[in-house]
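# Topology and contacts: notes
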Amino acid sequence: MYVQYKSVPTRRVDVTKNETTDHHKLLELIALNRDKKAFEQLFIYFAPRVKAVLMKQSSDANTAEDLMQETMLTVWNKADKFSKYRGSVSAWIFTIARNKRIDGYRKQGTKHYLDIEDIELTDDAMGSEEILISNERDKMVTDISNTLPIEQKEIIEMSFVKELSQTEISKKLGIPLGTVKSRMRLAYEKIRKSVEEAL
Amino acid sequence: MNINHHPDETTILSYAAGTLDEAFAVIISCHLQICSTCREAVKTAELIGGSHLEQSEEAPLSQGSFGRLLEKISVEPQAENTHAQSSASQSNETNQAALNPEWSELPLALQSYLTTNIDEIKWKRLAPGVSHHPIKLSENANSSLRLLRIAKGKQMPEHGHNGHELTLILQGAYKDKFGTFAKGDIADLDDDVEHQPKVISDEDCICLAATEAPTKFKSLLGRILQPIVGI
Ligand SMILES: [Zn+2]
């Protein structure tokens with residue numbers, strides 16, 4: 001019945017805060033029940049975003065589509081490992097996409113990025129309180145990121161969206177590497193502090 | 001393992017963003033396996049990635065994208081008749097070794113790069129008491145990775161560094177003006193840092209070292225070896 005599926009809407013209604021709670025729920029349904037409907041909902045939200053991010057990082061549309069498909073396939077296959085990652089669904093999917101992109105050009109058979117969920121000890125399901133905290137943190141990171149001074153925000157975006165190295169950022173902006181580092185450090189410390197306070 | 005030296009925050013952030021070059025990423029991955037503090041730090045940084053993902057615009061998908069994905073799912077052996085309960089306990093068993101917070105023979109991230117254990121490595125002598133074993137990376141890597149072995153009691157001459165360098169101690173310990181670096185510790189050194197490390201363990205000190213490019217290592221080597229070999 002799924003073969004008949006035609007196309008996925010690429011536009012969706014605006015994001016409400018409840019959606020992040022739903023993402024945890026959807027992932028749980030996928031892990032426990034191998035629920036394809038839940039997977040489709042997660043796909044509708046994340047797939048176009050994952051693809052857009054990959055395209056910003058120099059992948060052409062076809063490569064980005066392939067990497068996005070591999071990313072979402074891993075989400076399906078590793079849904080039961082998410083509880084080991086213990087974080088937000090979007091951060092987890094971000095790491096999967098990141099690792100797929102990196103895997104694309106690494107030496108055959110080697111793996112230089114570690115999947116944190118493969119080494120963490122805890123694997124109890126996240127409790128509703130933990131999910132709430134995780135969502136709170138998520139929201140905080142977004143809020144803080146948006147209020148960073150422009151020169152710090154710029155560097156964070158060049159790192160996470162364009163995936164430029166510290167040296168590349170320094171060249172592109174024509175500023176010393178030390179300045180790139182100090183701006184990164186300031187931004188990260190602000191974000192880290194807010195996340196720790198949300199505990 | 002008692003870890004006292006961790007990577008710089010900017011290194012953690014770049015790792016999370018996926019912008020560290022291969023040699024550096026391998027070293028951070030090795031350290032993450034045994035350092036929960038840094039795992040948390042990486043996860044905090046990954047929240048930034050997640051937040052950008054949520055706020056991202058949406059790219060149009062190719063026709064029938066989800067349908068194709070579903071077809072892959074139904075042929076994936078893992079997805080076939082997988083029952084959550086059994087798959088969870090299965091992965092628990094297979095991951096027992098990986099769950100160990102200590103490195104077993106080698107750090108996980110290094111295992112795919114080395115075909116032998118540390119004891120069987122063929123060392124190439126560079127100078128009295130100093131040998132190395134270069135590790136082959138991907139063709140397009142912009143960094144260079146090697147194991148370094150410094151004999152017990154050895155005092156390196158004072159030297160500076162050229163570009164970013166990461167060193168992870170796998171065995172033994174050394175001391176310099178930044179403190180004592182033992183198994184699991186990372187020295188995250190930048191340009192213009194000068195130091196004079198001395199091996200203080202009863203055994204040789206073995207570390208995994210990342211430099212920005214092979215030439216950078218040669219120039220570092222020149223500075224280290226100059227006073228020894230008198231060139
Ligand atoms: Zn650490």
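On a predicted model such as this, the values are computed, not experimentally measured, just so you know.

### Some remarks on the overall build of chain A
Looking only at helices and strands, chain A has 10 helices and 0 strands in total. Listed by position from the N terminus, the elements making up chain A come as α-α-α-α-α-α-α-α-α-α. Here chain A holds 199 residues, and the buried ones make up 53% of them. When contacts within chain A are restricted to residue pairs at least 6 apart in sequence, long-range pairs at least 24 apart make up 64% of them. Approximately 9,300 Å² of chain A is accessible, and the part contributed by carbon and sulfur atoms is 53%.

### Describing the overall build of chain B
On a plain count of helices and strands, chain B comes out with 8 helices and 9 strands. Taking the intrachain contacts of chain B between residues at least 6 apart in sequence as the baseline, contacts between residues at least 24 apart amount to 71%. About 10,100 Å² of surface is accessible on chain B, with carbon and sulfur atoms providing 49% of the total.

### Let's talk about the confidence of the model for chain B
Residues and elements named next belong to chain B. Per-residue confidence for chain B gives a mean pLDDT of 83, with 81% of residues at or over 70. Every residue in residues 79–100 scores below 50 in pLDDT, and together they form 28 contacts with partners more than four places removed in sequence or on other chains. In the predicted complex, the global pTM is 0.85; the interface-specific ipTM is 0.86.

### Details of the coordination of the zinc ion
Residues and elements named next belong to chain B. Taken together, His6 (ND1), His31 (NE2), Cys35 (SG) and Cys38 (SG) make up the full set of protein donors to the zinc ion, lying 2.0 to 2.3 Å away. Between the 4 donor atoms coordinating the zinc ion, the angles at the centre fall across 100 to 117°, so the site counts as tetrahedral. The motif formed by the donor residues of the zinc ion, counted along the single chain, is H-x24-H-x3-C-x2-C. Taken together, the positions of His6 in the segment before α1 (9–17) and Cys38 in helix α3 (residues 36–55) put the pair 32 residues apart, joining distant regions of the chain. Judged by its relative accessible area of 32%, His6 is partly exposed.

### Focus: helix α5 (residues 89–103) of chain A
An α-helix turns once every 3.6 residues. As a result, residues three or four positions apart point the same way. Taking 1.5 Å per residue as the helical rise, α5 of chain A with its 15 residues ought to reach 21 Å, and the 21 Å between its terminal C-alpha atoms agrees with that figure. Counting buried positions over the 15 residues of α5 of chain A gives 14, a clear majority of the element.

### Let's talk about the interface of chain A and chain B
Each side of the interface is counted separately: chain A has 86 residues, and chain B has 74 residues. Between chain A and chain B, a total of about 7,400 Å² is buried, with carbon and sulfur atoms accounting for 59% of that surface. A per-residue breakdown of the area chain A buries against chain B is headed by His112, Phe160 and Tyr188 of chain A, which together make up 10% of the total. Taken together, chain A and chain B are joined by 7 salt bridges. Seen at the junction of chain A and chain B, the total is 23 residue pairs in polar contact (both at pLDDT 80 or more). No other element matches helix α2 (residues 36–56) of chain A, which puts 15 residues into the side of chain A that touches chain B. Partitioning the side of chain A that touches chain B into residue classes produces 40 nonpolar, 16 polar and 30 charged.

### Comments concerning the nonpolar core
Of all hydrophobic cores here, the largest spans 101 residues; its most connected members are Leu110 and Leu208 of chain B. When residues of this core are assigned to their parent elements, the largest contribution, 10 residues, is made by α2 of chain A. Both domains that furnish three or more residues to this core are identified here as domain 1 (15–108) and domain 2 (148–199) of chain A. Counting residues in each nonpolar core, the second largest holds 14 residues, with Val130, Val199, Cys205 and Ala209 of chain B among its members.

### Considerations on the side chain of Thr167 of chain B
In this fold, Thr167 of chain B is placed in strand β4 (residues 165–171). Setting aside its immediate chain neighbours within four residues, Thr167 of chain B contacts Asp185, Ile186, Ala187, Cys207, Leu208 and Ala209 of chain B.

What counts as what
- Residues numbered from 1 in each chain as written.
- Chains lettered and ligands numbered in written order.
- Predicted model: local features only at pLDDT ≥ 70, side-chain atom pairs only at ≥ 80, totals over all residues.
- Heavy atoms only, no water.
- Helix = DSSP H or I, 4+ residues; strand = E, 2+ residues; numbered from the N terminus.
- Buried < 20%, exposed > 50% of the residue type's maximum accessible area, 1.4 Å probe, protein only.
- Contact = heavy atoms within 4.5 Å.
- Areas by Shrake-Rupley, 256 points an atom, 1.4 Å probe, with all protein chains shown as cover.
- pLDDT = per-residue confidence, 0-100.
- Donors = N, O, S within 2.8 Å, 3.2 Å for Na, K, Ca; no water.
- Tetrahedral: all angles 85-135°; square planar, octahedral: opposite > 155°, others 65-115°.
- Expected span 1.5 Å × (residues − 1).
- Buried area = accessible area lost by both parts, 1.4 Å probe.
- Salt bridge = Lys/Arg side-chain N within 4 Å of Asp/Glu carboxyl O.
- Polar contact = N/O pair within 3.5 Å; in protein donor to acceptor, adjacent residues only side chain to side chain.
- Nonpolar A, V, L, I, M, F, W, Y, C, P; charged D, E, K, R; others polar.
- Core = buried A, V, L, I, M, F, W, Y, C linked by side-chain atoms within 4.5 Å.
- Domains from an automatic or database assignment.

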